[in-house]
Amino acid sequence: MTQDELKQAVGQAAADYVAANTPAGCIIGVGTGSTANCFIDTLAPIKHHFRGAVASSEATRKRLEGHGIPVLDLNDVSEMPIYVDGADEIDAGLNMIKGGGGALTREKIVAAVATTFVCICDASKQVATMGKFPLPVEVIPMAKAHVARALAKLGGQPVERAGFVTDNGNVILDVHGLSITDPKGLEAQINQITGVVTNGLFACRPANLLLLGTPDGVHSVTAA
């Protein structure tokens, strides 16, 4: 199977999971990126099952609305049984690096509200130790030089993502050269740097379930 076929398979598996494990009329959270797009496309046939969705980015909102799925503001949602999103890397504890598409802050906010976080990705994203994929850090523009110096002291090589502005009007520093052995500790440490909005480590709120696309089919994985 090609990588695109694996993404489509996990997208369909996630839609099947939503249909089987959420109450009718609920609100679901939807992530951002190419794998999340495959999930969105498979939601169209079951959109009658849920009342609407909360989108983690403007791109996701547009794709959901293109399928006739109502998009709600998170401030108007008091509970959400499930959030489905991809990952750039995921380890055995279901800690993740996210933010390759630049939506990490909104993704983290939506994930915080959801009862269950389902990560969908292909087997190439599963790693023993995270850090090969550069860690995105969303930063207030006036603080980018200060934050870059602080990240360098942590052993990383921060590089501003060229020509990119987040949906929140901020910049992203992609931090190369990290070997992340304490994801929860590093997530908290980076978030304490003045000027950081948040970083792409999802360890304080990891996934509850991984739907992993492999040539042998989609596997359901829980934290080791």
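Residues numbered from 1 in each chain as written. Predicted model: local features only at pLDDT ≥ 70, side-chain atom pairs only at ≥ 80, totals over all residues. Heavy atoms only, no water.

Asker: I keep staring at the overall build of the protein and nothing clicks. Help me out?
Answerer: When you go through the protein residue by residue, the secondary structure sums to six helices and 13 strands. Relative to the globule expectation of 17 Å for 224 residues, the C-alpha radius of gyration of the protein, 17 Å, shows essentially globular dimensions. Based on the C-alpha atoms only, the size of the protein along its principal axes is roughly 50 × 40 × 30 Å. Within the protein, buried positions represent 50% of all 224 residues. Considering only intrachain contacts with a sequence separation of at least 6, the fraction spanning at least 24 residues in the protein is 74%. For the protein, the accessible surface area stands at approximately 9800 Å², while carbon and sulfur atoms represent 52% of it. Of the side-chain charges in the protein, 17 are positive and 22 negative, and the distance between the mean point of each set is 5 Å. (Helix = DSSP H or I, 4+ residues; strand = E, 2+ residues; numbered from the N terminus. Rg over C-alpha atoms; globule rule 2.2 N^0.38 Å. Buried < 20%, exposed > 50% of the residue type's maximum accessible area, 1.4 Å probe, protein only. Contact = heavy atoms within 4.5 Å. Areas by Shrake-Rupley, 256 points an atom, 1.4 Å probe, with all protein chains shown as cover. Lys, Arg positive; Asp, Glu negative; His and termini not counted. Charge placed at Lys NZ, Arg CZ, Asp CG, Glu CD.)

Asker: Got a minute to help me understand the pairing of strand 9 (residues 171–176) in this structure?
Answerer: Within strand 9, five of the six residues are buried, which leaves the element mostly enclosed by the surrounding structure. Both strand 7 (residues 135–139) and strand 9 contribute to a ladder of five bridges, which runs antiparallel. If you follow Glu 138 over to strand 9, its bridge partner there is Ile 172. As paired elements, strand 8 (residues 157–160) and strand 9 share four bridges and run antiparallel to each other. Bridging from a neighbouring strand, Gln 157 pairs with His 176 of strand 9. (Pairing = 2+ DSSP bridges.)

Asker: For this particular structure, what's the right way to read unusual backbone geometry?
Answerer: With the exception of glycine, most residues fall at negative phi, and the peptide bonds are largely trans. Unusually for a residue other than glycine, Leu 94 sits at a positive phi of about 65°. Within the secondary structure, Leu 94 sits in the loop between strand 4 (89–90) and strand 5 (96–97). Its relative accessible area of 0% is what places Leu 94 among the buried residues.

Asker: Looking at this model, I keep getting lost on the pattern of salt bridges. Mind explaining?
Answerer: Where charged atoms from two side chains of opposite charge come close, those side chains can pair. As enumerated under the stated definition, the model contains nine salt bridges in all. A salt bridge links Asp 41 to Arg 63, with the nearest nitrogen and oxygen atoms 3.0 Å apart. Taken together, the residues Asp 41 in helix 2 (residues 34–43) and Arg 63 in helix 3 (residues 58–66) connect sequence positions 22 residues apart. Taking relative accessible area as the criterion, Asp 41 reaches 32% and is therefore assigned partly exposed. (Salt bridge = Lys/Arg side-chain N within 4 Å of Asp/Glu carboxyl O.)

Asker: When you look at the sheet that holds strand 8 in this model, what are you seeing that I'm missing?
Answerer: Adjacent strands of a sheet pair through backbone hydrogen bonds, lying either parallel or antiparallel. With antiparallel pairing, the four strands of this open sheet are ordered in space as 8-9-7-10. Here the strands that pair on one side only, and so sit at the sheet edges, are strand 8 and strand 10 (196–199). The sheet shows a mean angle of 30° between the axes of neighbouring strands, taken without regard to direction. Strands strand 7, strand 8, strand 9 and strand 10 of the sheet are contacted by helix 5 (residues 144–153), whose axis makes an angle of about 15° with strand 9. Across the sheet, helix 6 (residues 183–191) touches strand 7 and strand 10, and the angle it forms with strand 10 is around 165°. (Axes fitted to C-alpha atoms, helices over the stretch in contact; angles between N-to-C directions.)

Asker: Any chance you could explain helix 6 here in plain terms?
Answerer: Given 3.6 residues to a turn, an α-helix orients residues that are three or four positions apart in the same direction. Considered for burial, the residues of helix 6 that qualify are Pro 183, Leu 186, Glu 187 and Ile 190. The buried residues of helix 6 all sit within an arc of 105° when viewed along its axis, so they share a single face. Contacts made by the buried residues of helix 6 are with helix 4 (104–113), strand 7, helix 5, strand 10 and strand 11 (201–202). (Arc of directions from axis to C-beta.)

Asker: Can you help me understand the packing of helix 1 (residues 3–21) against helix 2 in this one?
Answerer: Helix packing for two helices is described by the angle between their axes and how far apart those axes are. Interaxial distance between helix 1 and helix 2 falls to 8 Å at its minimum, and their mutual angle equals 50°. Relative to helix 2, the element helix 1 is oriented oblique. Taken as a pair, helix 1 and helix 2 cross one another with a handedness that is right-handed. Residues Lys 7, Gln 8, Val 10, Gly 11, Gln 12, Ala 14, Ala 15 and Val 18 of helix 1 form the contact with helix 2, whose own contacting residues are Ser 34, Thr 35, Cys 38, Phe 39, Thr 42 and Leu 43. (Parallel < 35°, antiparallel > 145°, perpendicular 65-115°, else oblique. Left-handed = near helix turned anticlockwise from the far one by under 90°.)

Asker: Help me understand the state of the cysteines in this model?
Answerer: Under the counting rule described, the total for this entry stands at zero disulfides. Among the cysteines around Cys 38, which has no disulfide bond, Cys 121 carries the closest sulfur, lying 13 Å off. We note that Cys 121 lacks a disulfide partner, and the nearest cysteine sulfur, in Cys 119, lies 4.3 Å from it. (Disulfide = S-S within 2.5 Å.)

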